[in-house]
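# Coordinate inspection notes
One letter stands for each residue in the lines below.
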Amino acid sequence: NNPNANRGSCTHKLVAKPVDGESNQSANGGKSAQLTEAQRRERQRHIRLHVQLLEHASLCSSPSCNSSNCAKMKQYLKHKQECKLKQGNGCKICKRIIALLKYHAQSCKNKVCPIPQCLVIRERIRQIAKQQQAM
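Okay, so let's go over this structure. (Residues numbered from 1 in each chain as written. Predicted model: local features only at pLDDT ≥ 70, side-chain atom pairs only at ≥ 80, totals over all residues. Heavy atoms only, no water.)

## Describing the overall build of the protein
Threshold: A run of H or I in DSSP counts as a helix once it spans at least four residues, and a run of E counts as a strand once it spans at least two, with each numbered from the N terminus. To sort residues, take the accessible area from a 1.4 Å probe on protein chains only and compare it with the maximum for the residue type: under 20% means buried, over 50% means exposed, and anything in between is partly exposed. It only takes one pair of heavy atoms within 4.5 Å for two residues to be counted as in contact. The protein chains shown are the only cover counted for residues, whose accessible areas, like all others here, come from Shrake-Rupley with a 1.4 Å probe.
When helices and strands are tallied, the protein shows four helices and zero strands. Of the regular secondary structure in the protein, the N- to C-terminal order runs α-α-α-α. Residues counted as buried form 23% of the 135 residues belonging to the protein. The contacts in the protein between residues at least 6 apart in sequence include a share of 39% that link residues at least 24 apart. Summing over all exposed atoms, the protein offers an accessible surface of approximately 10100 Å²; the carbon and sulfur share of this is 51%.

## Overview of helix α3 (residues 92-107)
Every α-helix winds through 3.6 residues per turn, so residues three or four apart in the chain are directed the same way. The cut-off we apply is this: Here the expected length of a helix is defined as 1.5 Å per residue gap, with one fewer gap than residues.
Helix length check: α3 (16 residues) gives 23 Å between terminal C-alpha atoms against 22 Å at 1.5 Å per residue, within 8%. Within α3 the residues assigned to the buried category are C94, K95, I97, I98, A99, L100, L101, H104 and A105. In the core, the buried residues of α3 are packed alongside α1 (37-59), α2 (68-82) and α4 (118-134).

## Considering the pattern of salt bridges
Applicable threshold: By salt bridge we mean one thing: a side-chain nitrogen of Lys or Arg within 4 Å of a carboxyl oxygen of Asp or Glu.
All told, the structure shown has four salt bridges when counted by the stated rule. Between R45 and E42 there is a salt bridge; the shortest N-O distance is 3.1 Å. Highlighted residues: R45 and E42, both in helix α1, separated by three residues, approximately one helical turn. By relative accessible area, R45 is classed as partly exposed at 34%. Using a relative accessible area of 33% as the deciding quantity, one classes E42 as partly exposed.

## What to know about the nonpolar core
Note the threshold: The set of buried Ala, Val, Leu, Ile, Met, Phe, Trp, Tyr and Cys residues whose side-chain atoms join them within 4.5 Å is what this entry labels a nonpolar core.
Counting residues in each nonpolar core, the largest one holds 18 residues, and the members touching the most others are L54, M73, L77, L101, I115 and C118. Elements supplying a minimum of two residues to this core: α1, α2, α3 and α4. Residues contacting C118, with those up to four places away along its chain left out, are H104, A105, C108 and C113.

## Side note on unusual backbone geometry
The phi angle at Q117 is positive, at roughly 65°, despite the residue not being glycine. For Q117, the location among the structural elements is in the loop between α3 and α4. What makes Q117 partly exposed here is its relative accessible area of 40%.

## Here we look at the packing of α3 against α4
We apply this condition: Interaxial angle, 0 to 180 degrees, is taken between N-to-C directions of lines fitted to C-alpha atoms, where a helix line uses only the stretch in contact. Any angle from 65 to 115 degrees is called roughly perpendicular, while one under 35 is roughly parallel, one over 145 is roughly antiparallel, and all others are oblique.
Between α3 and α4, the least distance of the axes is 9 Å, while the angle of their chain directions is 70°. The angle between α3 and α4 falls in the class roughly perpendicular. Residues L101, K102, H104, A105 and Q106 of α3 lie in contact with α4, whose contacting residues are C118, I121, R122 and I125.

## Considerations on the packing of α2 against α3
Threshold: When residues are grouped by polarity, Ala, Val, Leu, Ile, Met, Phe, Trp, Tyr, Cys and Pro land in nonpolar, Asp, Glu, Lys and Arg in charged, and all others, Gly among them, in polar.
Two elements in contact, α2 and α3, have axes separated by 9 Å at closest approach and are oriented at 105°. Classed by the angle they form, the pair α2 and α3 counts as roughly perpendicular. Residues M73, Y76, L77, H79 and K80 of α2 form the contact with α3, whose own contacting residues are I93, C94, I97, I98, L100 and L101. In terms of residue class, the contact of α2 with α3 is built from nine nonpolar, one polar and one charged.

Below, the structure is given as structure tokens:
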């Protein structure tokens, strides 16, 4: 897989980003995971852009959408539905898609949301917050 293939209008430098529980040592040569304020803002910007792409791809029904990124995200969403490993068993694609779905769900206010797993994730977030309040 060539990560630079079919990137459409996405031109930023590709940098490995650790996902929940992954070590950051390989991404920065073993140094601590301290990000500068500029790096943190840039990472947040990339996350926002990827969540927007996830939202678009989830709602896009066009088989010929102009965005090659839309088609790629649709492939990732389909992968997550069909993957036998799933997140718990170490599938990195599933982990990354679930992370994007969680970012979406944290800010979603729709009563009925068409984004995959949004309502389930929001309910889980609500349950965790309720448990923490009870402590």
